[in-house]
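So the chains spell out like this:
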Amino acid sequence: MKRPTIADVARRAGVSKGAVSYALNGQPGVSESTRARILAIAEEIGWRPNSAARALNGARSHTVGLAMCRPARTLGVEPFFMELISGIEGELSARSYALMLQVVSDHGQEVAVYRRWWGEGRVDGAILVDLHVGDPRIPEFESLGLPTVVIGHPSETGSLLPVWSDDGGAVHETVGYLVALGHRRIARVAGLPRLAHTVLRDRAFAEACDGVAEQVTVHTDYTGEEGARATRRLLSSPSRPTAIVYDNDIMAVAGLSAAQDLCLDVPRDLSIVAWDDSPLSRVVRPPLTALSRDISAYGAHTARRLLALVSGESPGPYEDEAARLTPRGSTAPPPGRVR
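Bear in mind the structure is a predicted one, so any value in this text is a computation, not a measurement. (Residues numbered from 1 in each chain as written. Predicted model: local features only at pLDDT ≥ 70, side-chain atom pairs only at ≥ 80, totals over all residues. Heavy atoms only, no water.)

Draft legend 1. Inspection of the sheet that holds strand 12 (residues 324-326) at higher detail. Ordered by their spatial adjacency, 6 strands build an open sheet running 7-6-8-9-10-12, and the pairing between neighbours is mixed. Each edge of the open sheet carries a strand with a single partner, namely strand 7 (214-219) and strand 12. Taken over all neighbouring pairs, the strand axes of this sheet differ in orientation by 20° on average, direction set aside. Note that strand 9 (residues 271-275) and strand 10 (residues 289-292) share 3 bridges and pair parallel. In the sheet register, Trp275 faces strand 10, and the bridge partner there is Leu291. (Pairing = 2+ DSSP bridges. Helix = DSSP H or I, 4+ residues; strand = E, 2+ residues; numbered from the N terminus. Axes fitted to C-alpha atoms, helices over the stretch in contact; angles between N-to-C directions.)

Draft legend 2. Looking closely at the sheet that holds strand 3 (residues 125-128). Reading across from one edge, 2-1-3-4-5-11 is the order of the 6 strands in this open sheet, with parallel pairing throughout. The open sheet terminates on both sides in strands that have one partner only, identified here as strand 2 (98-103) and strand 11 (318-319). Note: strand 5 (residues 161-164) against strand 11, 2 bridges, orientation parallel. What sits directly across from Trp164, in strand 11, is Glu319. Contacting strand 1 (63-68), strand 2 and strand 3, helix 7 (residues 107-119) runs over the sheet at an angle of about 165° to strand 1. Taken strand by strand, helix 8 (residues 137-144) contacts strand 3 and strand 4 (148-151), and its axis lies near 170° from that of strand 3. (Contact = heavy atoms within 4.5 Å.)

Nothing here speaks to function; it is all geometry.
See below:
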């Protein structure tokens, strides 16, 4: 069936399309009785405003944009982003807003997508993720004028509104816990080295280990394959670590499997900690010690501040709760230490 149009309403009401437009948009130019008749007919035939046409006329689209520069295949197995988007969607839907999501191949394409969305009136605001050190997107967004919230540390967000959490504090808590158990050789399987939060975690990890434990960091692309490969390399080295901290749960689970393939017992021979807790961390055996936080709430806080920006308010930067360590069965004193 054809979507009902203003012309259909006008024909049923016996008035001009201009009169229908006045009535539907709450503008003067028609009598109250005519307005009531037009609104009743529009409701009867199922007429709804064309959001794209309204946007081109300067009306809000009631849509928020999120372009992600990541392989599409990784999103479906990345619990962090699924929970983050769930939190964003929950807040948006409560305000009758939609989320427009697109996967892109590079930052140039990402900026081009946002420029098109904004220029065509398709979105009222944007959420920027995976912040890089010296991120070239920041000045582009500052000049664009599109209301934007950045999920990332304020040191790299320029004049854009940041939402972030203290990764450094979580790293220090984790290393302190492992050192207290007796670990003196600690490795970290990290994410992409160009990401701002990876750099902050790198720095905090080196500081936390300084003078108390030998440390090594291996950077990967967050996938299970790379996590397993990095684990095998670390466990085959002459100075094998007794504990490994992973930058996401996917790599931690893959690392657990790699260690067990090498006939190592977790946690007797190797302790494992996963960054960002998830059901996946809890169903493996042993269940993984993890850095836990409410990622869905993180997404909701981000969406709430973006909607405030869109409404013309001036919300300030928001620091969310830092991840907290939840010890489980994958951590224990290293070999030779008494429990």
